[in-house]
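An overview of the molecular structure
Below are the chains, spelled out letter by letter.
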Amino acid sequence: MNCSRSGSSFPVRNYFLVLLLAVTPALAAADETAPARDPKQPINEAYTAKIKKYTTAPVFTSPLVDYLPASKNVPTPEAVLGDVSGAPGILPYAEDVYKYMRLLEKATARVKVFSIGTTEEGREMIAVAVSSEENLKRLDENRARLAKLADPRSIKLDDAEADRLVAQSTPVYYITGTIHSPETGAPTALMELAYRLAVDDGPYVREIRDGVITLITPVVEVDGRDRMVDLYRWHLAHPKEFYPPLIYWGKYVAHDNNRDAMGVTLKLTENVLNTYVGWKAQVLHDLHESVPYLYDNTAGDGPFNAWVDPILTDEWEMIGWRNVADMTKFGMPGVFTHGVFDTWSPGYLMFIAAMHNGISRLYETFGNGGADTEERTLDPADYSRTWWRQNPPFPKTLWSQRDNNNYEQTGLLTSLHFFNENKRLFLKNFYLKAKRSISKPKEEGPAAYILPADDPRLELQTELLQVLQKQHVEISRATSSFTVALPVKKPKKSSKKDDAKDTQEKEKEKEVEPASRQFPAGSFIIRMDQPYSRIADALLDHQYWSPDDPQKTPYDDTGWTFGELFNVKVFRVTDPKVLDSAMERVNEVKPAGGVQGEGAIFAIDNNAEPTLGTLRYRLRDASMEAAEEPFEAGGKKFNRGSLIIRGVARLDFDRATNETGLHATALSAAPSVKTHPVRAARVVFVHTWLSTQTEGWWRLALDNLKIPYDYISTQSVAKNDDLNAKYDVILFPPVGFNSSSTAIINGTATGWGNPLPWKNTPETPNLVGKNDSTGDMRPGLGWEGVAHLQSFVAKGGVLLTATDTSRFALSIGLADSVSVGTSQKMNIVGSVVGTRLVDAASPIAYGYDEKLSAYCDNGPIFSLSSIAGGRGFRRLGGHSASRPTGRGTADDPDFTVGRPGVEAPEEPTAELWEYPPVSDEQKRNGIRVIPPANRARVILRYADNKDLLVSGLVEGGDEIAQHPAVLDVPAGRGHVILFSINPVYRGETRGSYSLVLNTILNFDSLDAGRKLAEK
Ligand SMILES: [Zn+2]
């Protein structure tokens, strides 16, 4: 019996009930359809018996999934798996999952399969729509209605029309599985779910089928899935051995593939985003596995992302708690919501929905990382009862993949049913969230963001705009110059005492009246009166995470401001008049470089745009030089580091600059300025077998920029005693997870256990992909590898390290004059921090301004010492020591009775980013005094404490403020470049990429412009 309170034909039963429902639309009505099967529909006895067999305890299932309805013509998952979903020992490849979905499509008009793109390694991604025949026949009509709700401008923000559309529309509920490859249960659960939704005739499931379009991407990380299945097969073939951990998931990143929803640099993010937005879906529900037994982190802990609509946060609570209640009623233990996960960062895949007017959801169910049935001993933190986990899991659990599939499917079915019951509410909310996004300029603001046409970094500006475009944000360009009032920060509040302040102070306040600014024609305007204004606002605005926030363990990054990290100018404008400026929509933002003027010599101003590196490698035969000083030529000013290029045909150069978005000037004669050659360095990229998570973002950046490199492991470094013969530059990007030097050297213990191979075999055909291979993942760099790195640098090579690999480089003695301090209270959790240029003449700094915002995650605190083996610390010089007790006032000289006073020599002082001067005492037989030429060159330092926080959380920042952030350490005939910041991260930090690329391009001239201290 269908007693749904929703639907266009709302049955008026009694006035009081109608009123009650109108006020509390999401509360369960007593007459909701019972979650039960249709007793008249036969069940598939054999399949049902196996479900029962593989479920390890009766409480780990529900009346929704403890049977399988029979069908004469629709195949069950057994057709492909050879057993039921969740059977022990069975983990299908993505291809097999697709094969089954396509069998369903063939067998029933209630299933349609859509190809939604491919992965980096060329594997297909799909979305499977399951709904009634009627609904699937009318997908286009329905989508047209949903599109109007998604963009209320199309119906002139007419609420009555929206209500009509809401009444006629079928919502889309999008489920995504297995973005995290070691979390293996979702594909089989989703295969069976698709079958149930297509076949089950019980009213509970039929209502879902008739009322909702369920869209399923069973495998999000397809490349990683296939590797994981390989590993599992290896494990089954070697049951008594340890199995290799999944070191590569997708081509580039592992777990971080679920942190890409801001930068959209991975194919899987782009494909899911386009599917979500293209289908005008209302929900994105992403399936994960970690904690027992089902954590619905739809309603997470605080702080909530500041840019989401409160309508959404209410939906989270409503849906999350209801989900717990429904499953609790089935007697299923260990189902909870809220938890400790904060909802601040918009980087998670599910957040695509939160930032595009939908509902983001995420499950963590319990998985065994494979399909073995195992007895699991839980952590006390996982089985303790708390206010948000009233019915916790058991301390010990015999757990199977089937149990996991039961939880996943039961959660999803109850969710879908509840969603269908309340679909008019959720569809209306979908419309309202879009409408409120459009009203943003006149409600909370801002009115727009402006990216000015006179930004010196137009290529990086293009890249930022392209990210917004991938996010389906509309971009406009001013057709003439315009002026807007810019908001000015309020002067600090004065206390009552200060009310009677003098006129001079009041005069000062007047100076901070709103300022206005003129922007040239061609400036880009991101209007906030558009449906997807929230994602643009969230990416472009600044973030502030209070050190006093009750949430002490941020789950992920706390700051990400894209304009800052891309090093491009972004103006937040609250003045709504900006929307009246003359502008046109830009359909596609493309790099637009080119050459001006005539002549056979070309000059390109250096503004630290990463594609300068692309150009160098693209025009391999051209001669390129870098100017060591600023110069003027062809009526233009050029920064230090600008490129002077010869030996390339104009046509080729036109094309190359156009595609790289670089602006060149043709000159008839070379400018007279000191230069050095810029050569295409031979780059090798070193990774460990511990983790490839963080370095993956570096590979992605280099590949996108078309910078060629060899990719080798620390094991290969150990085997190569002449790295200089093949390479000029070694990049050793962060290992991640604050890896210790010991781990880098030792690898994983080899004193016991078996070799852990990572290579393609008939058993594991997909493991290697396009990455690296080894017969045993365990050995690390070893001491031979250490010696090879030392010798590489001594013979003139350049070694570049960041964060944990910088610590490693220091630990093997590559920089006598630099040490790493220990922090007591510093807490900088994935934040954007201020840095300052110290040595603008260094080639590493070419193209940068005095200030640069950078990504920091509790980076190492570098200190400098002029004494070998000395630890750098803040010297308590005369200026900071107070005078001893004696005669006179605090500033007076003291006296000694009975003899004339003696003036003490001035204590030498130095800033934290400078080498402390060597004292006369230290110079006596100064064996350990490091000569100035052997000391590190400080390229960038962290800003002063008051300017350190740009976005996110900075606590105890004084411990790192002013300390070096990027160092160029001379070592032998080579250099070690140490980063405390991470310059290449999640496709978000493109403004700092050039620090790495400058190092590569100037590898044999890094000492250019160096001025040595006297002693
Ligand atoms: Zn996960």
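The structure reproduced in this document is the subject of the present report. (Residues numbered from 1 in each chain as written. Predicted model: local features only at pLDDT ≥ 70, side-chain atom pairs only at ≥ 80, totals over all residues. Heavy atoms only, no water.)

What follows is about the overall build of the protein chain. For the protein chain, the helix and strand inventory stands at 31 helices and 41 strands. Viewed in the frame of its principal axes, the protein chain has a C-alpha envelope of about 110 × 75 × 75 Å. In the protein chain, the share of contacts with a sequence separation of at least 24, taken over all contacts with a separation of at least 6, comes to 82%. Of the roughly 40500 Å² of accessible surface on the protein chain, 52% is carried by carbon and sulfur atoms. Positive and negative side-chain charges in the protein chain, numbering 114 and 129 respectively, have mean positions lying 1 Å apart. (Helix = DSSP H or I, 4+ residues; strand = E, 2+ residues; numbered from the N terminus. Contact = heavy atoms within 4.5 Å. Areas by Shrake-Rupley, 256 points an atom, 1.4 Å probe, with all protein chains shown as cover. Lys, Arg positive; Asp, Glu negative; His and termini not counted. Charge placed at Lys NZ, Arg CZ, Asp CG, Glu CD.)

Protein coordination at the zinc ion: the donors are His180 (ND1), Glu183 (OE), Glu183 (OE) and His288 (ND1), at 2.1 to 2.4 Å from the metal. Classification of the site at the zinc ion rests on its 4 donor atoms, whose angles at the metal span 55 to 149 degrees, yielding the label irregular. (Donors = N, O, S within 2.8 Å, 3.2 Å for Na, K, Ca; no water. Tetrahedral: all angles 85-135°; square planar, octahedral: opposite > 155°, others 65-115°.)

Attention shifts here to the packing of helix H12 (residues 310-329) against helix H16 (residues 423-438). Close contact between H12 and H16 brings their axes to 10 Å; oriented N to C, the two are set at 155 degrees. Looking at the two axes, H12 sits roughly antiparallel to H16. Residues Pro310, Ile311, Leu312, Glu315, Met318 and Ile319 of H12 touch H16, and the partners they reach there are Leu425, Phe426, Asn429, Leu432, Lys433 and Arg436. For the contact of H12 with H16, the class distribution of residues is 8 nonpolar, 1 polar and 3 charged. (Axes fitted to C-alpha atoms, helices over the stretch in contact; angles between N-to-C directions. Parallel < 35°, antiparallel > 145°, perpendicular 65-115°, else oblique. Nonpolar A, V, L, I, M, F, W, Y, C, P; charged D, E, K, R; others polar.)

With that out of the way, let us pick up the sheet that holds strand S18 (residues 571-573). With respect to topology, 5 strands assemble into an open sheet ordered S18-S13-S17-S14-S19, the strand pairing being antiparallel. The open sheet is flanked by S18 and strand S19 (583-586), the only strands paired with a single partner. Recorded for the sheet is a direction-independent mean angle of 30 degrees between the axes of neighbouring strands. Here 4 bridges tie strand S13 (residues 448-451) to strand S17 (residues 524-527), and the two strands are oriented antiparallel to one another. Paired with Leu451 across the two strands is Phe524, which belongs to S17. (Pairing = 2+ DSSP bridges.)

Contact pair helix H9 (residues 203-211) / helix H15 (residues 401-421): the axes reach a minimum separation of 9 Å and the direction vectors enclose 60 degrees. Compared by their axis directions, H9 and H15 come out oblique. Considering only the axes of H9 and H15, their crossing is left-handed. Taking contact as the criterion, the partners of Tyr204, Val205, Glu207, Ile208 and Gly211 in H9 are, on H15, Leu413, Thr414, Leu416, His417, Asn420 and Glu421. When grouped by side-chain class, the residues that make up the contact of H9 with H15 number 5 nonpolar, 4 polar and 2 charged. (Left-handed = near helix turned anticlockwise from the far one by under 90°.)

Another point: the side chain of Thr298. Structurally, Thr298 can be placed in the loop between strand S6 (294-296) and strand S7 (301-304). Among the polar contacts listed, one links the side chain of Thr298 to the side chain of Asp296, at a separation of 2.4 Å. In this structure the side chain of Thr298 is engaged in a polar contact, spanning 3.0 Å, whose partner is the side chain of Arg361. Excluding its chain neighbours within four sequence positions, the residues that come into contact with Thr298 are Trp316, Ser360, Arg361 and Leu362. (Polar contact = N/O pair within 3.5 Å; in protein donor to acceptor, adjacent residues only side chain to side chain.)

In the structure shown here, the tally under the stated rule is 37 aromatic pairs. Seen from their ring centres, Phe336 and Trp388 are 5.6 Å apart, and the 35 degrees between their planes marks the pair as tilted. On the criterion of sequence distance, the pair formed by Phe336 in strand S8 (residues 335-337) and Trp388 in the loop between helix H14 (380-383) and strand S12 (396-399) is long-range, its members being 52 residues apart. Its relative accessible area of 3% is what places Phe336 among the buried residues. Residue classification places Trp388 among the buried residues on the basis of a relative accessible area of 16%. When the centroid spacing of 5.3 Å and the interplanar angle of 15 degrees are considered together, the rings of Phe419 and Phe426 count as stacked. We note that Phe419, like Phe426, is buried. Put simply, the rings of Phe60, Tyr293, Phe366, Phe394, Trp399 and Tyr407 pair up and form one aromatic cluster. The ring of Trp279 has Arg143 sitting right over it, with the charged end atom 4.5 Å from the ring centre. (Phe/Tyr/Trp six-rings, centres within 6.5 Å; stacked < 30°, edge-to-face > 60°. Buried < 20%, exposed > 50% of the residue type's maximum accessible area, 1.4 Å probe, protein only. Lys NZ or Arg CZ within 6 Å of the ring centre and 35° of its normal.)

With that settled, consider the layout of surface pockets. Taken as a whole, the largest pocket holds about 1100 Å³ of empty space. In this structure, the largest pocket is lined by 31 residues; those nearest its centre are Lys489, His542, Glu564, Val570 and Val950. At the level of secondary structure, the elements contributing two or more residues to the lining of the largest pocket comprise helix H20 (562-565), S18, strand S34 (831-837), strand S35 (851-856), helix H30 (945-948) and strand S38 (949-951). Considering every element that reaches the lining of the largest pocket, the biggest residue donor is S35, with 3 residues. Tallied by class, residues from the lining of the largest pocket come to 12 nonpolar, 6 polar and 13 charged. (1 Å grid on protein atoms, 1.4 Å probe; cavity = no way out; pocket = protein on both sides within 12 Å on 5 of 7 lines; lining within 4 Å. Points joined across faces, edges and corners; volume = space filled by probe spheres on them.)

This brings us to the sheet that holds strand S2 (residues 124-130). The strands that make up a sheet are held in pairs by hydrogen bonds between backbone atoms, and each pair lies either parallel or antiparallel. Reading across the sheet, the 8 strands line up as S1-S2-S4-S3-S5-S10-S6-S8 and stay open at both edges, with mixed pairing between neighbours. Sheet topology places strand S1 (111-118) and S8 at the edges, where each strand pairs with a single neighbour. Between one strand and the next, the sheet's axes are offset by a mean angle of 20 degrees, whatever the strand orientation. As paired elements, strand S5 (residues 283-289) and strand S10 (residues 359-365) share 7 bridges and run parallel to each other. Residue Asp286 lies in a different strand from S10, and its bridge partner there is Leu362. Against the sheet, helix H8 (residues 186-199) engages S1, S2, strand S3 (172-177), strand S4 (213-217) and S5, with an angle of about 155 degrees to S4. Against the sheet, helix H11 (residues 267-278) engages S1, S2, S3, S4, S5 and S10, with an angle of about 135 degrees to S1.

The next point concerns the nonpolar core. If you look at the biggest cluster of nonpolar residues, it comprises 148 residues, and the most contacted ones within it are Met101, Leu149, Tyr407, Leu468 and Ile526. Among the elements that take part in this core, H8 stands out by supplying 9 residues, more than any other. Not counting chain neighbours up to four residues away, the residues in contact with Leu468 comprise Val473, Ile475, Ile526, Ala536, Leu539 and Leu540. Core analysis: the second largest hydrophobic core is formed by 82 residues, Ile707, Ile828, Ile960 and Val984 among them. (Core = buried A, V, L, I, M, F, W, Y, C linked by side-chain atoms within 4.5 Å.)

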